[in-house]
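Each chain, written out:
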Amino acid sequence: MASSETEPPPAHPSPKARRRTSALIAAFVALQFLIPLTYLTREDTADERFTWRSLSAPTAPSCETSASLERFDGQHEAISPEKLIHQDWVGYVSQGRRAVVDAFLRKQCEADGVLQVELVNRCDDERGTREYNLRCGGERAHETVRTATR
Amino acid sequence: MKPLERYWFGDVALARPYLLLRFVLALLAFDTWLNMMPQGAKYGVGAFNVAHFPWFDTFIPSSAFYLGVLAFTGVLALSQALYRPHRIAIVLVAAGYTLGWSCSLLDSVPYHYLLTLYLVCFVFFPMLSARAAFSRSDRAPRGSIAPYVLFCVTTAIVYFYVAAWAAAEGQSYWLPMACCAAYLIASMQDRAELPALRMAAPVLMAAPVAFHLFAPQQGWLPIYMIGIAFVVFMPTPWIHSVGRTLTQPARSLVEGRSEEDGTDERAAQVFYMSLVGLVVAPMVSMFVDMPGVKTGCTLTAIAMLFVMGRQLYFTPRWRPVWRVASLFGGCLALWITVTTSTARFDYYREGALDADRRGDHDAAMMFREKADRYAP
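Predicted, not measured: the structure shown is a model, and the values here were computed from it.

The rules behind the values
- Residues numbered from 1 in each chain as written.
- Chains lettered and ligands numbered in written order.
- Predicted model: local features only at pLDDT ≥ 70, side-chain atom pairs only at ≥ 80, totals over all residues.
- Helix = DSSP H or I, 4+ residues; strand = E, 2+ residues; numbered from the N terminus.
- Rg over C-alpha atoms; globule rule 2.2 N^0.38 Å.
- Buried ≥ 20, exposed ≤ 12 C-beta atoms within 10 Å, placed from the backbone.
- Contact = placed C-beta atoms within 7 Å.
- Nonpolar A, V, L, I, M, F, W, Y, C, P; charged D, E, K, R; others polar.
- Domains from an automatic or database assignment.
- Axes fitted to C-alpha atoms, helices over the stretch in contact; angles between N-to-C directions.
- Parallel < 35°, antiparallel > 145°, perpendicular 65-115°, else oblique.
- Left-handed = near helix turned anticlockwise from the far one by under 90°.
- Pairing = 2+ DSSP bridges.
- Expected span 1.5 Å × (residues − 1).
- pLDDT = per-residue confidence, 0-100.
- Core = buried A, V, L, I, M, F, W, Y, C linked by C-beta atoms within 7 Å.
- Arc of directions from axis to C-beta.

**A few points about the overall build of chain B**
Across its full length, chain B carries 18 helices and two strands. The globule rule puts the C-alpha radius of gyration for 376 residues at 21 Å, and the 22 Å found for chain B is close to it. The principal-axis extents of the C-alpha atoms in chain B amount to approximately 70 × 70 × 40 Å. Within chain B, the proportion of its 376 residues that are buried is 49%. Here the contacts in chain B between residues at least 6 apart in sequence split such that 75% fall between residues at least 24 apart.

See the structure below:
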C-alpha cells in the first residue's frame, strides 16, 4: 500500500519560479486595486459594478418612464417598454442606466422606417426629468444621446 | 528570501487550501442551481440584452443557454469538490461561471464577480488529495502555497474597498477594515517562525463573522464568507482534525484499494466502466425538465472525458472510476436539488408572470402549465 509519503507537500519554489509567480501575483493584485477605482471615472454613477461600494444589490428608485419613436413620415408613436423587454430591463431603463438606455434606443431603431427614438424618465428626486434622444438616421447604427435635467 | 517573498511563499497548513477549494466549489454548485437557475426565464426575452463587457453585446443569451451554462458549471464544480480536483476542470468551472454572470447585466450580484476572482486563485491551487493533506496524523502537513495567500489578499482587498467607500461617505468603516487586516494576518498563521500569530488569528475571525452577520448583503454571500473565515482563521490543529474527520471515509476507501503500479488486465474493465458511466451520468438530467440542462450535463461529461484524457485507459488504478462517480454525484445532486426545491417552479412561474406582462399569451400558457405541474 502506498504511504502518505508518496504524496509530499508542494515543494518550495525555486528562485526562478518565485520571480515568475511574484510577477503574476503583482499583476493580479494591481488589477484588483485598479478596477474599483474606475468608478471615479465612470459617467454613470449608478453603475457600481466591480467596485465593492455595496455588497447588496443597488436599490436606486425607479422613475416614471415613457418612450416614443418618430417615423420618417413624421408620425409619432408611443412605445411601451414593458411590452418589449423583461421587467428587470425596464427597471434599469427607468433608473437611467446609460448602457441599458442606449441599447434599448438602438434596439427600437432596428425597426423599419424609424427616424428617431426618445425616452423620458421623470423622477421625483434630485435626478429630475431626463430625456434620451437617439436619432437613427438612415444608417440606424448612428447614435446621439442628449440628456437634459430640469 | 526578501520579506515580501516570505509573505507570499511562507508555509500554509495544507488542510486550508484543501478544504477551501472544496467548500467553495460545493457551495457554488448549489448556489447556481438554487439561486441563479430560477432567474433563467429573464434571458432572451424580446431578443434584448446588455452584457457586462462591450465585446459581448452582440450576443443575446437565451434562457436555455444560461441554464445550460449553469448546469455545466454546477455539476463540474460539485464533481471536483467530491473527488480530487483537476486543474483543467477548475479552469472550465471558472470560465463557465464567469460566462454565466458576465453575459448579461441581468446578473449584477456583486459577489459573483468575487467568486470569479476566487476561482482564478483556485486554478493555481495545488490539487491535493485527502491523503496528501491529512494522512500524517502526528502533525499537519505544511507547504508553500502562494495562491492561497493570494486568495486571502483578494478577500482583504474587497474588505479594504468596502471600508474605503464607507469612509468616503462618512459611514462607519472600522469593521470591514478590521476584516481586511485580519485576512492579511491570518494568511501567515501557519508559519513556525510566527508563533504569536497562531494565538491571535482565531480571535480575528470575530471580525468577518460579525460583519457578515450584521451588514446587508445579497444572496449567499454571508454563507460563503463565514465558511471561508472558519477555514482561514481556525487554529491549525483544529482545521487538521476537522479535515481528517471529513475525509476519513474517502481516505480509507482509497487506501483500502490496491494501488500497485503498472498496467494490468483490470485496465480494460475500468475503461469500459468509466465509459459507460460517462454516457449514463448526463442522462439523469433528462428528468430535470428545464431548457438547456441536458446539453449542459452532456458537456460536463465531455469535459470530464477531456480532463481524464489518457488516464481513462492507461491507469490501472480506480481513479477514472472515482472521477466518473463524482460526475454521477454531480448530476444526481442537480436532479435532487432541482426537484426537491422550488427552483424549477420559480423559473416557470417567473416566466409565466413576465410573458403575461408582455402580452405573450402562448409563452405564458406554456410556462404556466409547467409551473402548475411543479408547484410545491
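**Comments concerning the overall build of chain A**
A count of helices and strands for chain A gives four helices and four strands. When its helices and strands are written in sequence order, chain A yields α-β-β-α-α-α-β-β. Across the 150 residues in chain A, those meeting the buried criterion constitute 21%.

**What to know about the interface of chain B and chain A**
Reports of interface size often rely on the accessible area that becomes lost once the parts have come together. Taken together, the contact between chain B and chain A spans 48 residues of the former and 39 residues of the latter. Put simply, the parts of the chain that give the side of chain B that touches chain A at least two residues each are α1 (3–9), α5 (110–123), α6 (130–134), β2 (142–144), α7 (146–168) and α17 (343–358) of chain B. For the side of chain B that touches chain A, the element with the highest residue contribution is α7(B), accounting for nine residues. When its residues are assigned to classes, the side of chain B that touches chain A shows 27 nonpolar, 11 polar and 10 charged.

**Brief notes about the domain arrangement of chain B**
Structurally, chain B comprises domain 1 (3–263) and domain 2 (348–376). Distance from the C-alpha centre of domain 1 of chain B to the C-alpha centre of domain 2 of chain B: 36 Å.

**Description of the domain arrangement of chain A**
Residue and element names in this part refer to chain A. Segmenting chain A into domains produces domain 1 (14–54) and domain 2 (64–135). In this structure, domain 1 and domain 2 have C-alpha centres spaced 35 Å apart. Each side of the interface is counted separately: domain 1 has four residues, and domain 2 has four residues. Looking at the side of domain 1 that touches domain 2, its residues break down into one nonpolar, no polar and three charged.

**Focus: the packing of helix α3 (residues 87–94) of chain A against helix α4 (residues 98–109) of chain A**
Residue and element names in this part refer to chain A. Two elements in contact, α3 and α4, have axes whose closest approach is 8 Å; the angle formed by their N-to-C orientations is 110 degrees. Accordingly, the angle class assigned to the pair α3 and α4 is roughly perpendicular. The two elements α3 and α4 cross, and the hand of that crossing is left-handed. Counting all contacts with α3, which are made through Trp89, Tyr92 and Val93, the residues of α4 involved are Val100, Val101 and Phe104. Each residue belonging to the contact of α3 with α4 can be placed in one class, and the counts come to six nonpolar, no polar and no charged.

**Some details on the sheet that holds strand β2 (residues 76–79) of chain A**
Residues and elements named next belong to chain A. With respect to topology, four strands assemble into an open sheet ordered β2-β1-β3-β4, the strand pairing being antiparallel. Each edge of the sheet is formed by a strand with only one pairing partner; in this case those strands are β2 and β4 (129–135). Between one strand axis and the next, the sheet turns through 20 degrees on average, direction left out of account. Taken together, the seven bridges between strand β3 (residues 114–122) and β4 define a ladder with antiparallel strand orientation. Bridged to valine 120 within β4 is glutamate 131. Taken strand by strand, α4 contacts β1 (64–71), β2, β3 and β4, and its axis lies near 150 degrees from that of β3.

**Side note on helix α1 (residues 15–37) of chain A**
At 3.6 residues per turn, the α-helix brings residues three or four places apart onto the same side. Given a rise of 1.5 Å per residue, 23 residues ought to cover 33 Å, and the 33 Å separating the end C-alpha atoms of α1(A) matches this to within 8%. Across the 23 residues of α1(A), two count as buried, placing the element largely on the outside.

**Details of the confidence of the model for chain A**
Residues and elements named next belong to chain A. Mean pLDDT over chain A: 81, with 83% of residues reaching 70 or higher. Per-element confidence in chain A ranges from a low mean pLDDT of 84 for β4 to a high of 94 for α1. Here residues 138–150 is a poorly scored stretch, pLDDT under 50, and it has 25 contacts once near neighbours within four places are set aside; other chains count.

**Digging into the packing of helix α2 (residues 15–36) of chain B against helix α11 (residues 221–233) of chain B**
Residues and elements named next belong to chain B. Axis separation between α2 and α11 bottoms out at 9 Å; the angle between their running directions is 170 degrees. It follows from the interaxial angle that α2 and α11 lie roughly antiparallel. Here α2 and α11 pass one another in a crossing that is right-handed. Facing Arg16, Leu19, Leu20, Phe23, Val24 and Leu27 of α2, the residues of α11 in contact are Ile223, Tyr224, Gly227, Ile228, Val231 and Val232. Residues that form the contact of α2 with α11 fall into these classes: 10 nonpolar, one polar and one charged.

**Focus: the nonpolar core**
Ranked by size, the top nonpolar core spans 140 residues in total, and within it A:Val100, B:Ala15, B:Val93, B:Cys152, B:Tyr159 and B:Tyr183 carry the most contacts. A per-element tally of this core places α7(B) first, with 15 residues. Apart from the residues within four sequence positions on either side, B:Tyr159 is in contact with B:Pro176, B:Cys179, B:Cys180 and B:Tyr183.

**Quick notes on the environment of B:Arg357**
Secondary-structure assignment places B:Arg357 in helix α17. For B:Arg357, a count of 14 C-beta atoms within 10 Å corresponds to the partly exposed category. Beyond its immediate chain neighbours, meaning those up to four positions away, B:Arg357 contacts A:Glu82 and A:Gln87.

**Describing helix α10 (residues 206–214) of chain B**
Residue and element names in this part refer to chain B. Inspection of α10 places Ala207, Pro208, Phe211 and His212 among the buried residues, and these make up the whole buried set. Each buried residue of α10 sits inside an arc of 115 degrees when the element is viewed along its axis, so together they form one side. When the buried face of α10 is taken as reference, the exposed residues oriented beyond 90 degrees from it are Leu213 and Phe214. Tucked into the core, α10 has its buried residues touching α8 (174–186), α9 (195–204) and α11.

**Quick look at unusual backbone geometry**
Positive phi is not limited to glycine here, since A:Phe50 has a value of about 60 degrees. Relative to the helices and strands, A:Phe50 is located in the loop between α1 and β1. Look at B:Asp289: it is not a glycine, yet its phi comes out positive at around 55 degrees. By the element assignment, B:Asp289 lies in the loop between α13 (266–280) and α14 (293–308). For B:Asp289, a count of 15 C-beta atoms within 10 Å translates into the label partly exposed.

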